[in-house]
Amino acid sequence: MKNTASRNRSSAFIKISIFIIAAIFLYFLVRKKENFAGDLLHALFSLDNLSNPLFLISVFLFPVNWGLEAWKWKFLLSKIEQVSFLKAFRGILTGVTFGVITPLNLGDYAGRILQLENPERIKVIGAIFLSRIAQFFSTLLFGLASIIFIIFKSSGNSSQNIKDFYSLIFFLAGLAMAALIFLLFLFSVHQQILSSLKESKLFRPVYQYFEILKLYSFKDILCVVILSLLRYLVFSLQFVLLLTFFKVSEDLFFLFMGVSFIFLVKSIVPTVLDLGVRETAAVYFFTFFNIIDNSSILYSSLGLWIINIMLPAVLGMLLIFRIKLFTR
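No experiment lies behind these values; they were computed from the predicted model shown. (Residues numbered from 1 in each chain as written. Predicted model: local features only at pLDDT ≥ 70, side-chain atom pairs only at ≥ 80, totals over all residues. Heavy atoms only, no water.)

A.B. asks: Can you break down the overall build of the protein chain residue by residue, with the values?
C.D. replies: For the protein chain, the helix and strand inventory stands at 14 helices and zero strands. Reading the secondary structure of the protein chain in the N-to-C direction produces α-α-α-α-α-α-α-α-α-α-α-α-α-α. Entry remark: accessible area of the protein chain is about 17,100 Å², with carbon and sulfur atoms responsible for 70%. (Helix = DSSP H or I, 4+ residues; strand = E, 2+ residues; numbered from the N terminus. Areas by Shrake-Rupley, 256 points an atom, 1.4 Å probe, with all protein chains shown as cover.)

Dropping the structure here:
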């Protein structure tokens, strides 16, 4: 009984500490963007924009975006623990909160895991890793398309340039297909990798975190890839709607290519915290094509950050008291 009471007190203290730290981090993140946030609110409620529903549609897509991620997380977890969609969604939101306050979004792992009750929950690290790889594949696939778009647009329209353009398309499409095939057949490749980890004294401790990968079939990984692609399209649609709302451009394909480039840069440039990489990439892309209304570009990027990062981080902060620091 004493051990249980001591554990409960420790758990309460740790949860309160995490909540306070998260609140402080989120406060300073908002403070860092407060000047633009004020201008964003002013722009939202201007007479020209009051009747435009695009911003609200982007907001309403927030549960769709993170709902797809929760569905994917629930599916991955089903190999070791059956959880409800709501519980999976809680894990996703807590992961966003932990990710925001930790370097390189590494806290996302802890946020998801701590919502589980399985005594062997640490083993789902491999499942989170697989989810991230699948999501990065989507970002890489469309990001490569955006780079092709930039090269083609900046090189003129001569017949040789067109030939080079199509050659580049086939080359990059081949790379993308090779990456997809590798990802889909990862379940057969990683058998050998896992075996070598298990037999190696140096890497044997790592084996338990990725052993779960052995449980996923070809169809399972294909399902994860499809859900990741769907989520990428929803996320991109939110950004395109915001860019259209703030009148950056009316060319939806052009905007989608811009969004794909921005997401690619955001994914490959390491950041300790949110240091404005998305905003910098957005300004670079649109300025490259002579769109110099930086305010509208920044409003769109900030709006996306508020909807898809700040909002779920705040909701996840409220769920910190439901995490399971200790399992039976």
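A.B. asks: How would you summarise the packing of helix 7 (residues 125–154) against helix 12 (residues 252–268) if you had to cite specific residues and measurements?
C.D. replies: Put simply, helix 7 and helix 12 touch, their axes get as near as 8 Å, and they point 125° apart. Of the possible angle classes, the one that applies to helix 7 and helix 12 is oblique. In the crossing of helix 7 with helix 12, the sense of the turn from one axis to the other is left-handed. Contact with helix 7, carried on its side by Phe136, Thr139, Leu140, Phe142, Gly143, Leu144, Ala145, Ser146, Ile147, Phe149 and Ile150, involves Phe253, Phe254, Phe256, Met257, Ser260, Phe261, Phe263, Leu264, Ser267 and Ile268 of helix 12 and no other residues of that element. Residues of the contact of helix 7 with helix 12, tallied by class, amount to 16 nonpolar, five polar and no charged. (Axes fitted to C-alpha atoms, helices over the stretch in contact; angles between N-to-C directions. Parallel < 35°, antiparallel > 145°, perpendicular 65-115°, else oblique. Left-handed = near helix turned anticlockwise from the far one by under 90°. Contact = heavy atoms within 4.5 Å. Nonpolar A, V, L, I, M, F, W, Y, C, P; charged D, E, K, R; others polar.)

A.B. asks: Before we move on, can you summarise helix 14 (residues 294–318) with the specific residues and values?
C.D. replies: With 25 residues, helix 14 should reach 36 Å at 1.5 Å per residue; the first-to-last C-alpha distance of 34 Å fits that figure. Its maximal kink placed at Ile306, helix 14 deviates by approximately 35°. (Expected span 1.5 Å × (residues − 1). Bend = angle between axes of the 7 residues up to and from the residue.)

A.B. asks: Outline a nonpolar patch on the surface, supporting the account with residue identities and numerical values.
C.D. replies: There is a patch of nonpolar side chains on the surface, built from Ile16, Ile20, Ile24, Tyr27, Phe28 and Phe321 and spanning about 600 Å² of accessible area. Note on placement: Phe321 falls in the segment after helix 14. For Phe321, a relative accessible area of 43% gives the class partly exposed. (Patch = residues over 30% accessible without salt bridge, like charges linked within 9 Å, V, L, I, M, F, W, Y side chains within 5 Å. Salt bridge = Lys/Arg side-chain N within 4 Å of Asp/Glu carboxyl O. Buried < 20%, exposed > 50% of the residue type's maximum accessible area, 1.4 Å probe, protein only.)

A.B. asks: So what's going on with the confidence of the model for the protein chain? Residues and values would help.
C.D. replies: Averaged over the protein chain, the pLDDT score is 79; the fraction of residues at 70 or greater is 74%. The least confident element of the protein chain is helix 8 (residues 159–184), whose mean pLDDT is 60; the most confident is helix 4 (residues 62–77), at 94. (pLDDT = per-residue confidence, 0-100.)

A.B. asks: Describe the nonpolar core, naming the residues involved and giving the relevant values.
C.D. replies: As a rule of thumb, soluble globular proteins bury nonpolar side chains together. In this structure, Trp73, Tyr216, Phe254, Phe285 and Phe286 are the most contacted members of the largest nonpolar core, which totals 85 residues. Considering every element that reaches this core, the biggest residue donor is helix 11 (residues 218–245), with 13 residues. Those residues in contact with Phe286 that lie beyond four places of it in its chain are Leu243, Val248, Phe254, Leu255, Gly258, Ile262, Ile291 and Ile297. (Core = buried A, V, L, I, M, F, W, Y, C linked by side-chain atoms within 4.5 Å.)

A.B. asks: Which residues make up the environment of Phe246, and what are the values?
C.D. replies: Along the chain, Phe246 falls in the loop between helix 11 and helix 12. With relative accessibility at 6%, the residue Phe246 sits in the buried group. Between the alpha carbons of Phe246 and Ser300 there is a distance of 6.7 Å; along the sequence they are 54 residues apart.

A.B. asks: If you had to explain the side chain of Lys72 to someone new, which residues and values would you point to?
C.D. replies: Locating Lys72 in the fold gives a position in helix 4. For Lys72, a relative accessible area of 1% gives the class buried. If near-sequence neighbours (up to four positions away) are discounted, Lys72 is found in contact with Ser131, Gln135, Val224, Leu227 and Ser228.

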